[in-house]
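# Observations on the model geometry
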Amino acid sequence: MSRSQPVAFIGLGNMGRPMSGRLLAAGLDLIGFDPAEPARTALLSAGGRTAESAAAAVAESAVVILMLPSSAVVEAVLGDPAVTAALRPGMTIVDMSSSDPLSTRRLAETMTEHGVTLLDAPVSGGVSGAQAGTLAIMCGGPPAALSAIADLLTPLGTATRVGDSGAGHALKAINNLLAGVHLLAAAEAFSAAEHFGLDPELWLPVLNSASGRSAATEQKLPRFIVPKTYDSGFAMSLMLKDMRIATGLAAAVGGSAALGEQAVELWSRAAAQLGPDADQTDIARWVLGSSAE
Ligand code: NAD
């Protein structure tokens with residue numbers, strides 16, 4: 001795609017803000033929308049333009065990027081009659097949210113009726129990966145449509161096609177089920193080590209050169225849990241949403257996710273006790289039994 005074609009960016013939260021910032025820095029003409037006023041102000045400060053509504057942003061653009069909390073919100077935005085009226089044949093919508101693959105497949109079919117291609121391109125790498133442009137982008141959809149927007153994704157990270165419509169969202173949910181299981185296991189390891197009196201300055205580097213290591217022990221423990229900041233920028237509610245998508249998907253296709261379902265049960269209890277503002281890394285605070293602090 002040409003850099004002069006405006007790109008709409010809808011959803012300017014923890015991830016959308018740094019991602020839209022990188023696209024602006026790459027010279028794209030970006031028009032953003034988010035109902036949260038501070039999110040729009042941040043885009044204006046970064047040199048972007050903002051629209052009054054999602055429909056207004058879509059009306060000006062050839063490509064629309066979505067970075068929204070869930071499939072329910074993606075469906076609400078794309079199902080808005082004003083947005084539908086703003087769609088034009090030949091447009092591409094790239095859903096970079098962590099959405100439900102079955103919803104994505106249905107939406108992709110609906111969009112085809114408007115001559116619009118819906119691609120799924122969820123990401124892994126967190127807020128720091130979004131800031132650095134090192135996200136792993138898991139793409140689903142027609143190869144030609146993905147090739148046509150490949151330049152757009154380059155400033156954000158490494159994009160890889162993993163299959164047809166919904167494949168990217170399926171892989172992302174599966175990844176986050178693993179990440180959630182690993183983070184809970186790392187939180188339990190941390191709790192056991194703390195209660196035994198082990199010094200994390202000593203044990204964590206050794207563990208991270210041993211067979212129990214994971215992204216949770218290599219990154220989340222030292223950056224957010226040992227220093228007790230619990231501020232990774234990924235909400236516990238969003239992690240739980242992704243884990244439920246994956247266990248639901250496993251159930252729908254006849255796969256087994258017995259451990260995943262146990263993990264969902266524990267994460268659900270933590271989320272209910274810690275409230276909607278909890279970060280994913282608060283799972284360690286919950287496991288430590290210090291949630292009343
Ligand atoms: P967030 O809650 O910080 O941001 C979501 C944004 O969407 C908010 O600014 C909200 O105001 C906006 N929004 C809500 N309803 C809207 C609507 N109707 N129209 C336009 N905007 C609307 O969430 P986030 O952490 O940025 O995550 C976004 C997506 O990326 C989620 O699907 C999440 O699972 C996924 N994700 C997050 C991370 C992370 O580390 N935070 C990492 C990978 C993937």
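The preceding data block contains the structure.
For the structure given in this document, a descriptive report is provided here.

Parameters and conventions
Residues numbered from 1 in each chain as written. Predicted model: local features only at pLDDT ≥ 70, side-chain atom pairs only at ≥ 80, totals over all residues. Heavy atoms only, no water. Helix = DSSP H or I, 4+ residues; strand = E, 2+ residues; numbered from the N terminus. Buried < 20%, exposed > 50% of the residue type's maximum accessible area, 1.4 Å probe, protein only. Areas by Shrake-Rupley, 256 points an atom, 1.4 Å probe, with all protein chains shown as cover. Lys, Arg positive; Asp, Glu negative; His and termini not counted. Charge placed at Lys NZ, Arg CZ, Asp CG, Glu CD. Core = buried A, V, L, I, M, F, W, Y, C linked by side-chain atoms within 4.5 Å. Contact = heavy atoms within 4.5 Å. Phe/Tyr/Trp six-rings, centres within 6.5 Å; stacked < 30°, edge-to-face > 60°. Lys NZ or Arg CZ within 6 Å of the ring centre and 35° of its normal. Expected span 1.5 Å × (residues − 1). Right-handed = clockwise from strand over helix to strand, strands pointing away. Pairing = 2+ DSSP bridges.

With that settled, consider the overall build of the protein chain. Summing up its helical and strand segments, the protein chain has 15 helices and nine strands in all. With the C-alpha coordinates of the protein chain rotated into their principal frame, the extents come out at 60 × 45 × 35 Å. Out of the 293 residues in the protein chain, the part that is buried amounts to 51%. Counting every atom, the protein chain has about 12900 Å² of accessible surface; 56% of that belongs to carbon and sulfur. Taken as two groups, the 18 positive and 27 negative side-chain charges of the protein chain have centres that lie 3 Å from each other.

Right, let's get into the nonpolar core. Residues Leu-221, Ile-225, Met-236, Met-243, Trp-267 and Ile-283 are the most contacted members of the largest nonpolar core, which totals 33 residues. Of all the secondary-structure elements, those providing two or more residues to this core are α10 (167–196), α11 (200–207), α12 (215–225), α13 (236–252), α14 (258–274) and α15 (282–288). Among the elements that line this core, the one with the most residues is α10, at 10 residues. Not counting chain neighbours up to four residues away, the residues in contact with Met-236 comprise Trp-267, Ala-270, Ala-271, Leu-274, Ala-278, Asp-279, Gln-280, Asp-282 and Ile-283. Val-7, Leu-12, Met-96 and Ala-121 belong to the second largest nonpolar core, which has 30 residues in total.

Moving on to the environment of Ala-54. Residue placement: Ala-54 occurs in helix α3 (residues 54–59). Its relative accessible area of 10% is what places Ala-54 among the buried residues. Separated by 173 residues in sequence, Ala-54 and Pro-227 have C-alpha atoms that sit 39 Å apart. Apart from the residues within four sequence positions on either side, Ala-54 is in contact with Ile-10, Phe-33, Val-77 and Val-83.

All right, on to the packing of aromatic side chains then. We describe a pair of aromatic rings using the distance from one ring centre to the other and the angle between the two ring planes. Summed over the entire model, instances satisfying the criterion amount to zero aromatic pairs. The aromatic ring of Tyr-230 is capped on one face by Arg-285, whose charged end is 5.9 Å from the ring centroid.

We now examine α13. Along an α-helix, residues three or four positions apart point the same way, because every turn accommodates 3.6 residues. The terminal C-alpha atoms of α13 lie 24 Å apart, and with 17 residues this matches the ideal 24 Å at 1.5 Å per residue to within 8%. The complete set of buried residues in α13 reads Met-236, Met-239, Leu-240, Lys-241, Asp-242, Met-243, Ile-245, Ala-246, Thr-247, Leu-249 and Ala-250. On its buried face, α13 is in contact with α6 (101–113), α10, α14 and α15. Directly beyond the C-terminal end of α13, a positive phi value near 80 degrees is found at Gly-254.

Turning our attention to the pairing of strand β2 (residues 30–33). Residues Leu-30 and Gly-32 point to one face of β2 and Ile-31 and Phe-33 to the other, with burial holding for every one of them. The parallel pair strand β1 (residues 7–10) and β2, bridged by helix α1 (residues 16–25), forms a crossover whose chirality is right-handed. Two elements, β2 and strand β3 (residues 49–50), share two bridges in a ladder whose sense is parallel. Across the sheet, Ile-31 pairs through a bridge with Arg-49, a residue of β3. A crossover links β2 with its parallel partner β3, the connecting element being helix α2 (residues 37–45), and its sense is right-handed.

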